[in-house]
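Observations on chain architecture
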Amino acid sequence: MSGTRTFEPSGEWEEELRELQQRRQHALAMGGPEALARFKASGRMNARERIDALCDGHSFRELGMLAGKGRHDEHGNYQGSEPTNAIVGTARIDGRKVALHADDFTLRAGSSEATIADKWIYIERLAHQLRMPIVRLVDSAGGSVKLLLQMGGTKIPEYPSWPAQELLKTVPVVGVALGSCAGQGAIKVLTSHFSVMVREQAQVMAAGPHVVRQAYAQDIDKNELGGHLVHRKSGLVHNEAADEADALAQVRRFLSYLPRSVFHLAPTVPPADDPDRADDWLKNAIPHDRRKIFDPRKILAAILDRDSVFEIGRYQGGSIITALARLNGIPVGVLINDPKIQGGAMTVQSAAKMERHIRLCSLFGLPVVNFVDQPGNQTGLEAELAGTLAGATRVGEALHECRSPWVSILMRRCYGMAGALHAPKYGEALNLRYAWPSARWGSIPIEGGVMAAHKSEIEAAPDPMAKRAEIEAYYLKLTSPFRTAEKFGVLDIIDPRETRGILCDWVEDAWERVKVDKVLAGA
């Protein structure tokens, strides 16, 4: 019960103060010694241990601790109580205030139906109205038909006083899946700006295996139904964690880049890395052979502040990498294409991932750096059936609405509709973009375009491969980025080793813009 002092009951109200202490002790007992022992034997932390592991020491101030089901004798004297399975309150993470909502699995398996909903909804309303981040530690088995025996009837499934969508517009929301999160538990995880699940331990699903078996006569394991390998593909949960400690560490790190609310500035840290650091290997980061790939994460590590890159959604839509990082201590959103996955092309999954990240950065006032190697939209029957172009269109909508200061570093390819989506272009938006000498752009990549336009000529040549290479070399001369720079179609061509210095200079001005925008928004 961190944050709540304990005094010796005495004075005229000694009896009432003693009862208060008893009620608090019963709340701290949670599901009781046997239930806690069984839970510990499963290798998991209980709800209160999770709160202590996440938050600064002794900073948790619990709310609604006495809520639950009391027992009284025939004279109305208090005999004991069973607490509700929602533990809520406020705490500090790295000194900054957050609201917390943790499911206690030792009481009715953390069921969202077997609780006092007003309690967990209250902390969500408090987070919304006091404009502070909220973290949900979810370990909930969902509803149970046995509850009908207690209620004597059913209710329409709704929580009309829960400001779920307004929270998403106002404060950072984090969902952590720490066990089987079904039904409402799944919604609490997914209705968030950042979600993380523990491998092999957590599942996120609409309903569990028993319901699936009844509905579809299908036997399936809960991990096969909603485990981390499922959501690597679905993209519903952003990140996965090796264990609970890793999951909670990711929560702390995510929040370290975000402001308290849309009305606040994100926290900066004192610069600990030379803004003019220039890693020499960057001059060869992009292979001269256009058919070879490169390591995008190594490029990010070389240009952004050391050890500051926090990747979000690594296992979904892998042709684009989305991350939070810092430049000279200032938090930024980061995008970079990964040529190792689908050649870096925009797929329906990577489009959704890019859209999500753009909206996050725009909402919370984070400047954005986009490192571009975009060959275009994914093509082929599979891509058309998936609706890839619709995904790209939604990226365009997100860019149009984005109000973050933005800079693009064109590293290699920038082709077609997807290439055009490298930056916002609404109204007065500047095309603030730099290019490396390795960059090329146009409506279609040279390799595919040459074969389409000169097919007959190439096939008729004595050596078709040599002829194709000859024509490609000619067109590549025409696509030199220096020709575009001559027409001021790109701000500048830069040595890759200059990139960090340029971005650290830019982010200073971008941050001033963010600060002014916050002032104007509150005026």
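A brief report on the enclosed structure follows. None of the values given here were measured: they were computed from a predicted structure.

**Observations concerning the pairing of strand E2 (residues 68–72)**
Inspection of the sheet shows E2 paired to strand E3 (residues 78–83) by five bridges, in the antiparallel sense. Residue pairing in the sheet places His72 in a bridge with Tyr78 of E3.

**Details of the packing of aromatic side chains**
For the coordinates displayed, the defined rule picks out six aromatic pairs. A centroid spacing of 5.2 Å and a plane angle of 65° characterise the contact between Trp120 and Tyr159, whose relative ring orientation is edge-to-face. In this pair, Trp120 is assigned in helix H4 (residues 117–130) and Tyr159 in the loop between helix H5 (147–151) and helix H6 (164–170), connecting sequence segments 39 residues apart. Look at Phe194 and Phe310: their rings are 5.7 Å apart centre to centre, the planes differ by 65°, and that puts the pair in the edge-to-face class. Within this pair, whereas Phe194 is found in strand E9 (residues 194–198), its partner Phe310 is found in strand E12 (residues 310–312), the two being separated by 116 residues in sequence.

**What about the sheet that holds strand E5 (residues 96–103)?**
Strands in a sheet are paired, the pairing made by backbone hydrogen bonds, and the direction either parallel or antiparallel. Pairing is mixed in the open sheet, where seven strands are placed in the order E1-E4-E5-E6-E7-E9-E11. Single-partner strands in this sheet number two, and they are strand E1 (61–63) and strand E11 (239–241). Taking the axes of each pair of neighbouring strands and ignoring which way they run, one obtains an average angle of 25° across the sheet. Together, E1, strand E4 (86–93), E5 and strand E6 (134–138) form the strand contacts of helix H3 (residues 47–54), whose direction differs from that of E5 by roughly 160°. Packed onto the sheet, helix H11 (residues 244–257) meets E4, E5, E6, strand E7 (173–177), E9 and E11 and runs at close to 170° relative to E9.

**Topic: the packing of helix H13 (residues 348–364) against helix H15 (residues 388–401)**
At a closest axis distance of 8 Å, the pairing of H13 and H15 adopts a crossing angle of 10°. As summarised for this structure, H13 and H15 are arranged roughly parallel, according to the angle between their axes. Along the contact surface, H13 presents Val348, Ala351, Met354, Glu355, Ile358, Arg359 and Ser362, while H15 presents Thr388, Gly391, Ala392, Arg394, Val395, Glu397, Ala398, Leu399 and Glu401. Grouping the amino acids of the contact of H13 with H15 by side-chain chemistry returns eight nonpolar, three polar and five charged.

**Points about the pairing of strand E16 (residues 406–415)**
The buried count for E16 comes to nine of 10 residues, which makes it a mostly enclosed element. Sheet analysis places E16 next to strand E17 (residues 433–435), joined by three bridges and oriented parallel. Along E17, the bridge assignment pairs Ser408 with Arg433. Bridge analysis of E16 against strand E18 (residues 440–442) gives three bridges, and the strand direction is parallel.

**Topic: the nonpolar core**
Counting residues in each nonpolar core, the largest one holds 95 residues, and the members touching the most others are Phe254 and Phe371. Counting residues per element, this core draws most heavily on helix H21 (residues 499–522), at eight residues. The residues contacting Phe371, other than those within four sequence positions of it, are Leu300, Ile303, Val334, Leu335, Ile336, Asn337, Ile409, Met411, Thr499 and Leu503. Judged by nonpolar contacts, the second largest core, of 18 residues, contains Ala117, Trp120, Tyr159 and Leu168.

The rules behind each value
Residues numbered from 1 in each chain as written. Predicted model: local features only at pLDDT ≥ 70, side-chain atom pairs only at ≥ 80, totals over all residues. Heavy atoms only, no water. Pairing = 2+ DSSP bridges. Helix = DSSP H or I, 4+ residues; strand = E, 2+ residues; numbered from the N terminus. Phe/Tyr/Trp six-rings, centres within 6.5 Å; stacked < 30°, edge-to-face > 60°. Axes fitted to C-alpha atoms, helices over the stretch in contact; angles between N-to-C directions. Contact = heavy atoms within 4.5 Å. Parallel < 35°, antiparallel > 145°, perpendicular 65-115°, else oblique. Nonpolar A, V, L, I, M, F, W, Y, C, P; charged D, E, K, R; others polar. Buried < 20%, exposed > 50% of the residue type's maximum accessible area, 1.4 Å probe, protein only. Core = buried A, V, L, I, M, F, W, Y, C linked by side-chain atoms within 4.5 Å.

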